[in-house]
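# Notes for the structure review
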Amino acid sequence: MGRHGENIRRRQSDGRWEGRYKVYHEEKGKYVYRSVYGHTYDEVKKKLLLEKQSVYTDESDCARNNTDEIALFSQTASEWLGDIRKKCKYSTYVKYLTIYQTHLENILGNCVLTEITDLKLRTEIPEHLSETLLRSIYFITNQILRYANSNYYINIPLLTRSNVKTDRKSVETLSLAEQEKLFGCLFMNMDKYKAAVSFSLYLGLRLGEICALKWSDIDFENKTVAVNQTVQRIAAISGNKKTDLLETCPKSDSSRRIIPISCDILHMLDKIQNNQMYIFGGDKALEPRTMQYQFKQILKEAKISDRNFHILRHTFATNCIENGIDVKSLSEILGHSDVKITLNRYVHPTMNAKRVQLELLRGFYGQIHGQDF
């Protein structure tokens, strides 16, 4: 497999390194590829640079060599990825790198920047990809083009795609009957996994935040918990493993927060005290996949249909709103940067809550005409 972004690869047939570059073929009237070879990557990289310099010897060609007519998308992508690795979280960098290598490198890597169009990208990308992934692909492509515009002093148009209307899935919560069943199960033979589920129901923490909690995050005197880190599995970019378990700071500055906890939570923590670093893990952070599996086992024990762990966060937010908590406080507890996120994504009144609100209107109408319906 080739080195990322350099248009250099190692040939399987003879083990040599091959570097490819574009030159304009006068007879054919188009650009064609030529190759250089060597026994090492560095050797080919030097040869490739010399060949490119020799191709663009006169002044006009040298000028084009610094423009979008010559720069390859893969070369620009490599520079951009190197730049953002210094600026963003490692998990974000890995996400961008994975999407580029999986969905963009093969179809755009050998294109010069002027060849990058919405039509080309739209026709090359498989149709079965999700809308979320498509947005990420376009975002990364445009970020690479922005980098080229800024650093090469060119003006490549950014890609635009028509807005695709997708039906927003309604966020599911546990019903009151299901919550009753779940609580009945959680407080019977309490263990660390049941305590973790209770923690999310009482505080709305994300799965990764639950798995990364340490005893040092609990302030027993002031009755608070500090959310300072999260655990997640990301694609491995080296070694033989497919994924790595990474402990890092939360997804945004607003996600780092201090949340008040009740006496019930403190009492529950006393029951699972393990004198180790992590509350629910032990010597190391709890594996999210393990917690997800244990949650499904708890649901089976409670005779509740299979759900994802994140439903606990949805349920927490909905319960808070229906019991009168103000949205600003809830937004900060959840670790959102904007109250709108809380309202649009997590707060969904139940049918019972809507019924109560409409009953208020019924009473108001009754006062107007002086009698009940």
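These numbers were taken from a predicted model, which means no experiment stands behind them.

### Some remarks on the packing of aromatic side chains
The description of an aromatic ring pair rests on the distance of the ring centres and on the angle between the ring planes. For the coordinates displayed, the defined rule picks out nine aromatic pairs. When the centroid spacing of 5.9 Å and the interplanar angle of 50° are considered together, the rings of Y96 and F139 count as tilted. Here Y96, found in helix 4 (residues 90-108), pairs with F139, found in helix 6 (residues 131-152); they are 43 residues apart in sequence, far enough to count as distant. On the numbers, 5.7 Å between centres and 75° between planes, the contact of F199 with F280 is edge-to-face. Of this pair, F199 sits in helix 8 (residues 192-203) while F280 is found in the loop between helix 10 (263-271) and helix 11 (288-301), placing the two residues 81 residues apart along the sequence. Comparing F199 with F280 shows no difference in burial state: the two are buried.

### Remarks on the sheet that holds strand 5 (residues 224-227)
Strand pairing in a sheet is mediated by backbone hydrogen bonds. Such pairs are either parallel or antiparallel. Strand order in the open sheet made by the three strands is 4-5-8, with antiparallel pairing throughout. A single partner strand is all that each edge strand has here, and the edge strands are strand 4 (218-219) and strand 8 (257-260). Across two bridges, the pairing between strand 4 and strand 5 is antiparallel. For D219, the partnering residue across the bridge sits in strand 5 and is T224.

### Here we look at the sheet that holds strand 2 (residues 17-25)
As summarised here, the arrangement of the three strands in space is 1-2-3, forming an open sheet in which the pairing is antiparallel. The sheet is open, and its two borders are formed by strand 1 (8-10) and strand 3 (30-38), each paired with just one other strand. With strand direction ignored, the average angle separating the axes of adjacent strands in the sheet is 35°. In the sheet, strand 1 pairs with strand 2 via three bridges, with the strands oriented antiparallel. Along strand 2, the bridge assignment pairs R10 with W17.

### Regarding helix 3 (residues 73-87)
With 15 residues, helix 3 should cover 21 Å at 1.5 Å per step; its first-to-last C-alpha distance of 21 Å lies within 8% of that length. Within the span of helix 3, buried status applies to F73, S74, Q75, T76, A77, W80, L81 and I84.

### Observations regarding the pairing of strand 3
Relative to strand 3, strand 2 runs antiparallel, the two sharing nine bridges. Across the sheet, V23 pairs through a bridge with V32, a residue of strand 3. Hairpin geometry of strand 2 and strand 3 is characterised by an intervening segment of four residues between the two adjacent antiparallel strands and by a positive phi of about 70° at G29.

### Quick look at the pattern of salt bridges
In this structure the tally under the stated criterion is 18 salt bridges. A salt bridge links E131 to R135, with the shortest nitrogen-to-oxygen separation between them at 3.7 Å. Here E131 pairs with R135, and both are found in helix 6, just four residues apart, close to one helical turn. Residue R135 is classed as partly exposed on the basis of its relative accessible area, which comes to 46%.

### Observations concerning the side chain of D217
Along the chain, the position of D217 falls in the loop between helix 9 (207-212) and strand 4. Despite being buried, D217 has no salt bridge partner; K214 is the closest side chain of opposite charge, sitting 6.5 Å away. At a separation of 2.8 Å, a polar atom in the side chain of D217 contacts the side chain of Q229. Excluding residues within four positions of it along the chain, D217 makes contact with A212, T224, V225, A226, N228 and Q229.

Cut-offs and rules
Throughout, a residue's number is its position along its own chain's written sequence, starting from 1. For a predicted model such as this one, the threshold for reporting local features is a pLDDT of at least 70, and the threshold for listing and counting side-chain atom pairs is 80 or more; totals across whole chains, interfaces and linings nevertheless cover every residue. Note that water and hydrogens are dropped before the side-chain values are worked out from all heavy atoms of the structure. Two rings from Phe, Tyr or Trp (for Trp, the six-membered ring) form a pair when their centres sit within 6.5 Å of each other. Planes less than 30 degrees apart are called stacked, planes more than 60 degrees apart edge-to-face, and all others tilted. Labels follow the DSSP assignment, with helices taken as runs of H or I lasting at least four residues and strands as runs of E lasting at least two, numbered in each case from the N terminus. Three labels apply to residues, based on accessible area from a 1.4 Å probe with only protein chains included: buried if under 20% of the type maximum, exposed if over 50%, partly exposed otherwise in between. Whether two strands pair comes down to DSSP finding at least two bridges between them. Comment: axis = line fitted to C-alpha atoms, over the contacting stretch for helices; angle = value between 0 and 180 degrees taken between N-to-C directions. Helix span is expected to be 1.5 Å times the residue number reduced by one. Only one rule defines a salt bridge in this text: a Lys or Arg side-chain nitrogen within 4 Å of an Asp or Glu carboxyl oxygen. Charged residues are defined here as Lys and Arg on the positive side and Asp and Glu on the negative side; His and the ends of the chain fall outside this count. Under this definition, polar contacts are N or O atom pairs within 3.5 Å; protein pairs additionally need one hydrogen-donor-capable and one acceptor-capable atom, and for neighbouring residues in sequence, both atoms have to be side-chain atoms. Residue contacts follow a heavy-atom distance rule, with two residues in contact if any of their heavy atoms lie within 4.5 Å.

These results come straight from atomic positions and should not be treated as a statement about function.
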